[in-house]
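# Commentary on secondary and tertiary structure
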There are 2 protein chains.
Amino acid sequence: MIQINYHDSRPIYEKVKDSLRQLILSGALPEGDRLPSVRELAVSLTINPNTIQRAYRELEQEGYIVSVPGKGSFVARGGGARAARMAELKEKLSALAAEFEAVGVSRAEMADMLKEEKP
Amino acid sequence: MIQINYHDSRPIYEKVKDSLRQLILSGALPEGDRLPSVRELAVSLTINPNTIQRAYRELEQEGYIVSVPGKGSFVARGGGARAARMAELKEKLSALAAEFEAVGVSRAEMADMLKEEKP
DNA sequence: TAACTGTATTAACTCAATTAGTACAGTTGC
DNA sequence: GCAACTGTACTAATTGAGTTAATACAGTTA
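First, a word on scope: everything that follows refers to the structure included in this document. (Residues numbered from 1 in each chain as written. Chains lettered and ligands numbered in written order. Predicted model: local features only at pLDDT ≥ 70, side-chain atom pairs only at ≥ 80, totals over all residues. Heavy atoms only, no water.)

### Digging into the protein's contact with DNA strand C
Around DNA strand C there are 27 residues in total, and B:P11, B:I12, B:Y13, B:N50 and B:T51 lie nearest to it. Sugar and phosphate atoms form 60% of the subset of DNA strand C atoms that lie within 4 Å of the protein. Residue B:G70 places a main-chain N or O atom 3.4 Å away from a base nitrogen belonging to DNA strand C. Contributions of two or more residues to the surface near DNA strand C are made by α2 (38–45), α3 (49–61), β1 (65–68) and β2 (72–75) of chain A together with α1 (12–25) and α3 (49–61) of chain B. Looking at the surface near DNA strand C, its residues break down into eight nonpolar, eleven polar and eight charged. (Near = heavy atom within 4 Å. Polar contact = N/O pair within 3.5 Å; in protein donor to acceptor, adjacent residues only side chain to side chain. Helix = DSSP H or I, 4+ residues; strand = E, 2+ residues; numbered from the N terminus. Nonpolar A, V, L, I, M, F, W, Y, C, P; charged D, E, K, R; others polar.)

### Quick look at unusual backbone geometry
Of all residues except glycine, most have a negative phi; of all peptide bonds, most are trans. Positive phi, normally seen in glycine, also occurs at A:T46, with a value near 55 degrees. Of note, A:T46 is situated in the loop between α2 and α3.

### Remarks on the interface of chain B and chain A
Counting from both sides, the interface comprises 24 residues of chain B and, opposite them, 25 residues of chain A. When chain B packs against chain A, the two sides together hide about 2600 Å² of surface, and 68% of this comes from carbon and sulfur. Area buried by chain B at its contact with chain A is led by B:V103, B:R107 and B:L114, which between them contribute 26% of it. Applying the counting criterion to the chain B and chain A interface returns four salt bridges. A:E99 is paired through a salt bridge with B:K92; the nearest N and O atoms lie 2.9 Å apart. For the interface between chain B and chain A, the tally reads six residue pairs in polar contact (both at pLDDT 80 or more). Counting only elements with at least two residues in the side of chain B that touches chain A, the list comes to α4 (80–102) and α5 (107–116) of chain B. (Contact = heavy atoms within 4.5 Å. Buried area = accessible area lost by both parts, 1.4 Å probe. Salt bridge = Lys/Arg side-chain N within 4 Å of Asp/Glu carboxyl O.)

### Considering the layout of surface pockets
In this approach, a probe sized like a water molecule rolls over the atoms, and the result shows the empty space that is left. Residue and element names in this part refer to chain A. Quantified by volume, the largest pocket comes out at close to 360 Å³. In this structure, the largest pocket is lined by 15 residues; those nearest its centre are V38, Y56, S67, G72 and S73. Those elements giving two or more residues to the lining of the largest pocket turn out to be α2, α3, β1 and β2. At four residues, the largest contribution of residues to the lining of the largest pocket is made by α3. Partitioning the lining of the largest pocket into residue classes produces four nonpolar, six polar and five charged. (1 Å grid on protein atoms, 1.4 Å probe; cavity = no way out; pocket = protein on both sides within 12 Å on 5 of 7 lines; lining within 4 Å. Points joined across faces, edges and corners; volume = space filled by probe spheres on them.)

Structural data, given as structure tokens:
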């Protein structure tokens, strides 16, 4: 279900978060679907349950999933996941715009880059 | 000359790099100017010289400064610093565009956000 | 009741970041 | 020449976030 890239030196819980977020946003994990339990995923990835728990806790704080003690963790309903992601990305875009402006590049010029430099 | 924010948990050498890069890009440190020596800056910030050396080494690899054994470290001439920064920022923008596209937001829509959502 | 859930807590382990100490070669001014 | 600077390189010790490990407790479900 999830693959962990060991050539990437980022923390494991970050990689687990990224993988799950991608699965959710791509629709591979539809709204309301139950995620593997903390223990299941830990065994599946040969990772400590505490590390998975941390990933789940942060995904819940960010609005991607909802965890219910005794029942399980579920993909957030009502477009919560996409809304959470859009908020994150807009924040990133705003921060990047500030960095560009520090080098004298306006938002309009950034917009031009986006349209012209299609790789 | 440089202030280090201790409420920021990023590595010290990263903070030193960011501070110097900002001083260079803002023009506070003009092209060709000599930076404080590794040992000077280490004493000034109460940081180990090796940590400063790492920041300088990476700034040189990225094209912001030029280090000459025996003489010192100098702000890169010929617009090297700005060129280096622009390359980094364009790379960031491209990566962010890919993230937006994964959520179904096109580059054109990103461009619109930049023009409209002026904070 | 048994076997699942999420959650919490404490202690040990790992490894990158950092510190510390030392050394060497090139530059500069006396 | 030489003293006092430079950048650079290397090894060893220390620190702290990330991770593992083990255990416990309360809610859910068949």
